[in-house]
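Secondary and tertiary structure notes
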Amino acid sequence: MTRRTLDGMSDDVAIRVRGLRKTYGDSPAVAGLDLDVHRGEVFALLGPNGAGKTTTVEILEGYRQRDAGEVRVLDVDPAHPTRDWRERVGIVFQGTGEFDELCVAEVVHHFAGFYADADDPDKVIERVGLSAKARARTHTLSGGQKRRLDVALGIVGRPELLFLDEPTTGFDPEARREFWELIRDLAAAGTTIVLTTHYLDEAEALADRVGVIAGGRLVEVAAPNRLGNRQEALATVSWRTPDGTLDSAQSATPTALVAELAARFGGEVPGLTVTRPTLEDIYLTMIGHR
Amino acid sequence: MTTTTTPAEPVTAAAPPRRSGRTGLALRQGRLEIRQFLRSRESVVFTLGFPLIMVLIFASIFDEEIAPGVSYTQYFITGMIATGLMTVSFQNLGIWIPIERDRGVLKRYRGTPMPKWVWFAGKVIMVLVTSVVMTALLLAVSVTLFDLNLPSTTTAWLTFGWVSALGVTACTLCGIAISSLARTARSGSAVVTPVALVLQFISGVFFVFTNLPSWMQQVAALFPLKWMCQGLRAVFLPESFGADEPGGSFELTRVAVVLAIWCVIGLVLCLTTFRWTTRRDG
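No experiment lies behind these values; they were computed from the predicted model shown. Here the residue numbers are simple positions, counted from 1 along each chain's written sequence. Note on labels: chains are lettered from A, ligands numbered from 1, in written order. Totals for whole chains, interfaces and linings use all residues, but because this is a predicted model, local features are given only for residues with pLDDT of at least 70 and pairs of side-chain atoms are given and counted only at 80 or more.

1. Remarks on the overall build of chain A
For chain A, the count of helices and strands is nine helices and twelve strands. Judged by the C-alpha coordinates and their principal axes, chain A covers about 75 × 45 × 40 Å. Our exposure labels follow a C-beta count within 10 Å of each residue's own C-beta, placed from the backbone: buried means 20 or more other C-beta atoms, exposed means 12 or fewer, and partly exposed covers the counts in between. For chain A, the proportion of its 290 residues judged to be buried stands at 37%. Two residues form a contact once the distance between their C-beta atoms, set from the backbone, is within 7 Å. In chain A, 66% of the contacts between residues at least 6 apart in sequence involve partners at least 24 apart. Helix and strand definitions follow DSSP, with helices as H or I runs of at least four residues and strands as E runs of at least two, each counted in order from the N terminus.

2. Quick look at the domain arrangement of chain A
Residue and element names in this part refer to chain A. For the domain bounds, the source is a domain assignment made automatically or taken from a database. Here the domain parsing of chain A yields domain 1 (9–229) and domain 2 (233–286). One C-alpha centre belongs to domain 1, the other to domain 2; they are set 41 Å apart. Those elements that provide at least two residues to the side of domain 1 that touches domain 2 are helix 7 (200–206), strand 8 (209–214) and strand 9 (217–222). Polarity classes work like this: nonpolar for Ala, Val, Leu, Ile, Met, Phe, Trp, Tyr, Cys and Pro, charged for Asp, Glu, Lys and Arg, and polar for all others, with Gly in that last group. Per-class residue counts for the side of domain 1 that touches domain 2 are seven nonpolar, two polar and two charged.

3. Here we look at the UniProt feature "domain: ABC transmembrane type-2" (unreviewed entry) in chain B
UniProt positions are given in the numbering used here, feature names are shortened, and annotations may be inferred rather than shown by experiment. In this numbering, the UniProt entry assigns the feature "domain: ABC transmembrane type-2" (unreviewed entry) to residues 42–277 of chain B. The annotated region residues 42–277 of chain B carries 73% helix and 2% strand content, and the separation between its end C-alpha atoms amounts to 24 Å.

4. Quick notes on helix 5 (residues 116–146) of chain B
Under the 1.5 Å per step criterion, the end-to-end length of helix 5 of chain B is 44 Å for 31 residues, consistent within 8% with the ideal 45 Å. Asp147 of chain B sits one or two residues past helix 5 of chain B and shows a positive phi near 50 degrees. Multiplying one less than the number of residues by 1.5 Å gives the expected span of a helix.

5. Some words on the pairing of strand 6 (residues 161–165) of chain A
Residue and element names in this part refer to chain A. With respect to burial, strand 6 is a largely interior element, five of its five residues being buried. Side-chain alternation along strand 6 places Leu161, Phe163 and Asp165 on one buried face and Leu162 and Leu164 on a second face that is also buried. Direction of pairing for strand 5 (residues 89–92) relative to strand 6: parallel, over a ladder of four bridges. Following the sheet pairing, Gly90 is matched in strand 6 by Leu162. Strands qualify as paired when DSSP identifies two bridges or more between them. Alignment of strand 6 against strand 7 (residues 192–197), held across five bridges, turns out to be parallel. Within strand 7, the residue paired with Phe163 across the bridge is Val194.

6. Overview of the pairing of strand 8 of chain A
A regular strand places its side chains on the two faces of the sheet in alternate fashion. Residue and element names in this part refer to chain A. In terms of residue burial, strand 8 counts as a mostly covered element, since five of its six residues are buried. With five bridges connecting them, strand 8 and strand 9 associate as antiparallel partners. Bridging from a neighbouring strand, Ala214 pairs with Arg217 of strand 9. With antiparallel pairing between neighbouring strands as the criterion, strand 8 and strand 9 make up a hairpin whose turn holds two residues, including Gly215 at a positive phi of roughly 55 degrees.

7. Examining the UniProt feature "transmembrane region" (unreviewed entry) in chain B
Residues and elements named next belong to chain B. When the UniProt feature table is mapped to this numbering, "transmembrane region" (unreviewed entry) covers residues 44–62, 74–97, 117–145, 157–178, 190–209 and 255–274. Along residues 157–178 the backbone is 100% helical and 0% strand, and the end-to-end C-alpha distance reaches 31 Å. Here residues 255–274 runs as 95% helix and 0% strand, with 27 Å between its end C-alpha atoms.

8. What to know about the sheet that holds strand 1 (residues 13–24) of chain A
Residue and element names in this part refer to chain A. Taken in spatial order, the three strands line up as 2-1-4 in an open sheet, and their pairing is antiparallel. Each having just a single partner strand, strand 2 (27–38) and strand 4 (68–73) make up the two edges of the open sheet. The mean angle between the axes of side-by-side strands here comes to 15 degrees, regardless of whether they run parallel or antiparallel. Direction of pairing for strand 1 relative to strand 4: antiparallel, over a ladder of five bridges. The residue bridging Arg16 from the neighbouring strand is Arg72, located in strand 4. Orientation is described by lines fitted to C-alpha atoms, with helices fitted over the stretch in contact, and by angles between N-to-C directions that extend from 0 to 180 degrees.

9. Side note on unusual backbone geometry
Positive phi, close to 50 degrees, is recorded for Leu74 of chain A, a residue that is not glycine. As for its placement among the helices and strands, Leu74 of chain A is situated in the loop between strand 4 and helix 2 (83–88). Notably, Glu251 of chain B is not glycine yet its phi reads approximately 50 degrees, a positive angle. Mapped onto the secondary structure, Glu251 of chain B falls in the loop between helix 9 (224–236) and helix 10 (252–273). With 18 C-beta atoms packed within 10 Å, Glu251 of chain B lands in the partly exposed category.

And the structure:
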């Protein structure tokens, strides 16, 4: 199979969405969403349940039809997915135990057969760390191992663009770390990755850019450390006053404030803390929970 | 390293595509479906075992002759083969497709470059192979244990072939169609089993069809199973028995027409109602 030649515009744009709308009954799930994902980047869509994350991603994957808006994914309108386009897009589902009667190697080999340019199935199994389980029936796998199989099926076709829907839900911390390494490997190899997640630390650890969805709209897109102008946010300095109550002040120059407090107290400031908003604080403010 | 400069040529794929052609894809899918079927003990027992057990029980209870030289088995086998064909196609698909849909198997297939028809082809291959195996098992058991007489003419074998093929096709299409009625994995068998059981009782599988009340016969005549049974009676019973049929003969033309109509109905329902995802997936 030859890769289609791309025109100048799409060279660095993997996904372009303008004014996307989708309504179920009376409630709009997606209400005018704009989004650009560049080739080769890891983009995390962050948002609470019901914010429109899954609907958006499923429209991008070609599973749902939109009501309005313009969508291009690898230069194709996903409302009309072609076989050639499916060759280039990998999807990692939130499925578990789907092929109970088959073993890991059988499933991966079978799916490899659907692609013209598939990767070596045994290498893919090794890459996701399932070699020891290659001959095991899929229903005997642990939750984390099943997710690895999901990933194997998503990447066996050597996709240019990979969708991961809440990939580490239900993982223990160690399994998450290992999973993150795998995603970083894929990203390093040039795969464009779009992942949805509830976990801020996951977005922070993996994503080049994070898009926050709330109420069916993308409310902000930024690098994780710049989200909500986090780097410019005021620091909160708090301390205990001589009568025992807690006092605090917001400051752009916390060092100066601390020096001033030190002078006032003549040495140690009781109960001193200096904090900046965490990603979680900013996120919760954005989605309107604070 | 070579110093010869060659004009820069676009790198073309050196390795030939490894993806199989159309036939190859369908056969691979069929093989996978058969493998899954055989490894699922419940479906093997339910699908292949049920008709066999029924033959063993009924043929042992009723060992008399229904006419000089014609054993009860000779009549009963026709209903059992028809039931078996319906089980491996209609019930099997009507129960398993909702389970696969619920597990997300269908959704996952839709996310690959696999053409849609390949998945259906895989199911059809699985149904065809299990139909042949089941029919062969039923005949082998009936011949060895209950002195069944196999058809002796080429015409009879041909009739056996087309009645079975047309019946399985109709039941396969209807099974795929009814699979979309089930909302969850578990409700597949709740939808399909009552339909199948009622049809078995009113279509002359367990009882001689003409002994049934005539309204029941008329209801049964609307559905494929009755006509599959009748077509198979033309194969296994002496020609003179045709006179006892409701229409005064085995009416093979009508058998073909009704089954063909059900193929069309099933196909239209499949094309218009088939769902790859569960309702909650939208």
